[in-house]
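What follows is each chain in one-letter form.
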Number of protein chains: 2
Amino acid sequence: MSLLVVGSVALDTLETPAGKVEDALGGAATYFAYAASFFTPVRMVGAVGDDFPSGVLADLEGRGVDIAGVDKLPGTTLRWSGRYHKELNVRDTLHLDLGVFGDYQPEIPASYRDSEYAFLANIDPALQARVLGQLNGPKLVGCDTMNHWIEGSRPVLDELLGRVDMLIVNDEEAELLTGDRNVVKAAAKILASGPKSVLIKRGEYGVIEFSANTIFAVPAYPLEEVIDPTGAGDCFAAGVMGELARSGDTSPAGLRRAIVYGSVMGSFVVEDFGPKRLQSLTREMIDERYRQFVSLTDVPA
Amino acid sequence: MSLLVVGSVALDTLETPAGKVEDALGGAATYFAYAASFFTPVRMVGAVGDDFPSGVLADLEGRGVDIAGVDKLPGTTLRWSGRYHKELNVRDTLHLDLGVFGDYQPEIPASYRDSEYAFLANIDPALQARVLGQLNGPKLVGCDTMNHWIEGSRPVLDELLGRVDMLIVNDEEAELLTGDRNVVKAAAKILASGPKSVLIKRGEYGVIEFSANTIFAVPAYPLEEVIDPTGAGDCFAAGVMGELARSGDTSPAGLRRAIVYGSVMGSFVVEDFGPKRLQSLTREMIDERYRQFVSLTDVPA
């Protein structure tokens, strides 16, 4: 079924202990679209400048991504440059130029309005709310956010949280949102604020999901080397939302399956710089790694 | 089957964000004996001073713990006092008095020599090796250690690692042992040094186990409150070794089951100060929490 994503499209300069790349394809919506396209047709909402490489949108279209909602605006594409610390769980933003995202006001194409699944990737919650308001009653809405919005746009974010079904954040963001470092207490507060489920990402330790009646925890795939963590969270969300949109199964078991597919996609993308690893991936490789997750986590009854 | 443990027996003064207790029962062998006694008869090796509360050893005996190997020596019992930081993953040792452990040289009773399972809890590797040398070909030997011995007694520890089947350490100790922060690389080095399996504890994130052909990861049980983390690692080891000794099943599936029982025991002990929670526990409560682990981790195929 149809899966809409709204979020940034960017050109990133990345420094990790494994090396450095300039003007790599980046942005949450980009990572999400590449990863989710293995599961279901994706409708992309975002903006690029005149400097955006022409081949990229064509490549995405070739993968079943609808780019009617990607505005080509006069000006420069969002550029981000960041450097990861040795342990990869901390990064410094060296430079940020919003470019065409500076005063971007998304207007989704009429053909997108009936999207049944939607993911509001990490951008200004006012824009997330704006896009959500243009949809005709989607079946399931997922949402990401970050410290910048939690600290700076709290009323808008709180209002938005009351309207989404699933929040996907990392452990630091969950603590910042709730004031609770304990993940059980933080999750309870988030569920009380609106979402029916919350997925808390814990980096190399995996993900823990809380709904009203169930808790599900899955470890991260053990990797010998992480080349570039950028986009791991977006690809995780893409696997989750992509599988939910593909199957239409939002039962607890369906959600668990989706979370593991999310973990699969997050584990692949970090194996190379930018979204490069996704470009050489096949559906068979994804399903093979899903089976490895089953084996990795199997607890005898 | 018979399970021997050698390790410290202590009186602890503990400060955690939840409160403070003085002269609580402590020591790795004590925690281990209490927790493992739910699975199999335990043979305890250690030393106490004249000041050790007389009721404790009787209580342990009542739980099927053989205390013939606990030497009552003139002098004081080992005393440790520690303070946990707010986040509970860091603690400071405020005071340590080795007491009768200062020049303790364990001599196991003849009745212990045929022990088929043995756990060398965290003490001087020279003492661990000494006890191991007194056993008549045990079936499976597990071993713990800590930064103090990794940094200060490396040759003795390395020699010992060549003689044990299973190493149980936390992630920081695995990194210190190998120089690798990446858990996959660290585990490979540890397996190359002798043990057939290594269990790496990751605190609130659970445990990951590596053997030659398999990796198993299990999250920690999500607790709303941790009262006192002391003994969590020893109780984890006790659940692992206790279940292995009970079942005699050292196959990959048997080891997985044991690791989950270890996680169960670690999750209980932190719910109260010292080993208090273990004293009110029943086998039914343990099996119920095992089932909760099955539900927590179940990935649909």
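Residues numbered from 1 in each chain as written. Chains lettered and ligands numbered in written order. Predicted model: local features only at pLDDT ≥ 70, side-chain atom pairs only at ≥ 80, totals over all residues.

Student: Is there a simple way to think about the packing of helix 9 (residues 252-269) of chain B against helix 11 (residues 283-297) of chain B in this case?
Tutor: Geometrically, a packed helix pair is captured by the angle between its two axes and the distance between the axes. All names here are of chain B. Taken N-terminus to C-terminus, the directions of helix 9 and helix 11 make an angle of 115°; their axes are 9 Å apart at the nearest point. Considered as vectors, helix 9 and helix 11 are oriented roughly perpendicular to each other. Remark: the crossing between helix 9 and helix 11 carries right-handed chirality. Contacts between helix 9 and helix 11 involve Val260, Tyr261, Ser263, Val264 and Ser267 from the first element and Ile286, Arg289, Tyr290 and Phe293 from the second. Partitioned by chemical class, the residues of the contact of helix 9 with helix 11 number 6 nonpolar, 2 polar and 1 charged. (Axes fitted to C-alpha atoms, helices over the stretch in contact; angles between N-to-C directions. Helix = DSSP H or I, 4+ residues; strand = E, 2+ residues; numbered from the N terminus. Parallel < 35°, antiparallel > 145°, perpendicular 65-115°, else oblique. Left-handed = near helix turned anticlockwise from the far one by under 90°. Contact = placed C-beta atoms within 7 Å. Nonpolar A, V, L, I, M, F, W, Y, C, P; charged D, E, K, R; others polar.)

Student: Before we go on, may I ask you to explain the relation of the copies chain A and chain B in this structure?
Tutor: Both copies of the chain are tied together by a single rotation about an axis and a shift running along it. Mapping chain A onto chain B leaves a residual RMSD of 0.0 Å; the transformation is a rotation of 180° accompanied by 0.0 Å of translation along its axis. Interpreted geometrically, this transformation is the action of a two-fold axis. Interface overlap between copies is the fraction of interface residues in one copy that are interface residues in the other; for chain A against chain B it reaches 100%, indicating a shared surface. (Least-squares fit on C-alpha atoms with pLDDT ≥ 70 in both.)

Student: Just to check I follow, could you spell out the nonpolar core for this structure?
Tutor: Nonpolar side chains tend toward joint burial in soluble globular proteins. Counting 200 residues, the largest nonpolar core has Val5, Phe32 and Ala35 of chain A together with Val5, Phe32 and Ala35 of chain B as the members making the most contacts within it. When sequence neighbours within four positions are dropped, the list of residues in contact with Val5 of chain A reads Ala29, Phe32, Ala33, Ala36, Val42, Met44, Val45, Phe119 and Ala121 of chain A. (Core = buried A, V, L, I, M, F, W, Y, C linked by C-beta atoms within 7 Å. Buried ≥ 20, exposed ≤ 12 C-beta atoms within 10 Å, placed from the backbone.)

Student: I tried to follow the environment of Ile200 of chain B on my own but got confused; where do I start?
Tutor: Residues and elements named next belong to chain B. Assignment of secondary structure puts Ile200 in strand 11 (residues 197-201). Its 23 C-beta neighbours within 10 Å are what place Ile200 among the buried residues. With 35 residues separating them along the chain, Ile200 and Cys235 place their C-alpha atoms 14 Å apart.

Student: How should I be thinking about the pairing of strand 6 (residues 78-84) of chain B in this particular structure?
Tutor: Regular strands place side chains that alternate from one sheet face to the opposite one. Pairing geometry for strand 2 (residues 10-16) of chain B and strand 6 of chain B, over 6 bridges, is parallel. By the bridge assignment, Ala10 of chain B is partnered in strand 6 of chain B with Leu78 of chain B. (Pairing = 2+ DSSP bridges.)

Student: Is there a simple way to think about helix 11 (residues 283-297) of chain A in this case?
Tutor: Because each turn of an α-helix spans 3.6 residues, side chains separated by three or four positions in sequence point in the same direction. Here helix 11 of chain A contains 15 residues, and its C-alpha end-to-end distance of 21 Å stays within 8% of the 21 Å for a straight helix at 1.5 Å per residue. Listed as buried for helix 11 of chain A are Phe293, Leu296 and Thr297 of chain A. Projected down its long axis, helix 11 of chain A shows its buried positions confined to an angular sector of 75°, all on one face. Turned more than 90 degrees away from the buried face of helix 11 of chain A, the exposed residues are Glu284, Glu288, Arg291, Val294 and Ser295 of chain A. Lining the buried residues of helix 11 of chain A we find strand 13 (215-218) and helix 9 (252-269) of chain A together with strand 13 (215-218) and helix 11 of chain B. (Expected span 1.5 Å × (residues − 1). Arc of directions from axis to C-beta.)

Student: Honestly, the sheet that holds strand 10 (residues 166-170) of chain B in this entry has me stumped. Any pointers?
Tutor: Two pairing modes exist for strands in a sheet, parallel and antiparallel, and in both the strands are linked by backbone hydrogen bonds. Residues and elements named next belong to chain B. Taken together, 9 strands build an open sheet; the order of strands is 5-4-1-8-9-10-11-12-13 and the sheet is mixed. Strands with a single pairing partner mark the edges of an open sheet, and in this sheet they are strand 5 (65-72) and strand 13. In this sheet, neighbouring strand axes are inclined to one another by 15° on average, regardless of whether the strands run parallel or antiparallel. Relative to strand 4 (residues 42-48), strand 1 (residues 3-6) runs parallel, the two sharing 4 bridges. Within strand 4, the residue paired with Val5 across the bridge is Met44. The strands touched by helix 3 (residues 125-133) within the sheet are strand 1, strand 4, strand 8 (117-120) and strand 9 (140-144), with strand 8 carrying the most contacts at an inclination of about 165°.

Student: Please explain the pairing of strand 12 (residues 207-211) of chain B as it appears in this structure.
Tutor: Residue and element names in this part refer to chain B. Here strand 12 lies mainly inside the structure; 4 of its 5 residues are buried. Note: strand 11 against strand 12, 5 bridges, orientation antiparallel. Across the sheet, Lys201 pairs through a bridge with Val207, a residue of strand 12. Count of turn residues in the strand 11/strand 12 antiparallel hairpin: 5 residues, of which Gly203 carries a positive phi of about 60°. Sheet topology note: the strand 12/strand 13 ladder contains 4 bridges and is antiparallel. Bridge pairing links Ile208 to Ala217 in strand 13.

Student: Just checking my understanding: could you explain the sheet that holds strand 8 (residues 117-120) of chain A for this structure?
Tutor: Residues and elements named next belong to chain A. Spatially, 9 strands are ordered 5-4-1-8-9-10-11-12-13 in an open sheet, and the strand pairing comes out mixed. Taken across any chain shown, the strands that pair with only one partner, and hence form the sheet edges, are strand 5 (65-72) and strand 13. With strand direction ignored, the average angle separating the axes of adjacent strands in the sheet is 15°. Of the strands in this sheet, strand 10 (166-170), strand 11 (197-201) and strand 12 (207-211) touch helix 7 (residues 183-192), which is tilted by about 140° from strand 11.

Student: Sorry, what's going on with unusual backbone geometry here?
Tutor: Leaving glycine out, the prevailing phi sign among residues is negative, and the prevailing peptide bond configuration is trans. Unlike most non-glycine residues, Asp23 of chain A shows phi in positive territory, near 50°. In this fold, Asp23 of chain A is placed in strand 3 (residues 19-26).

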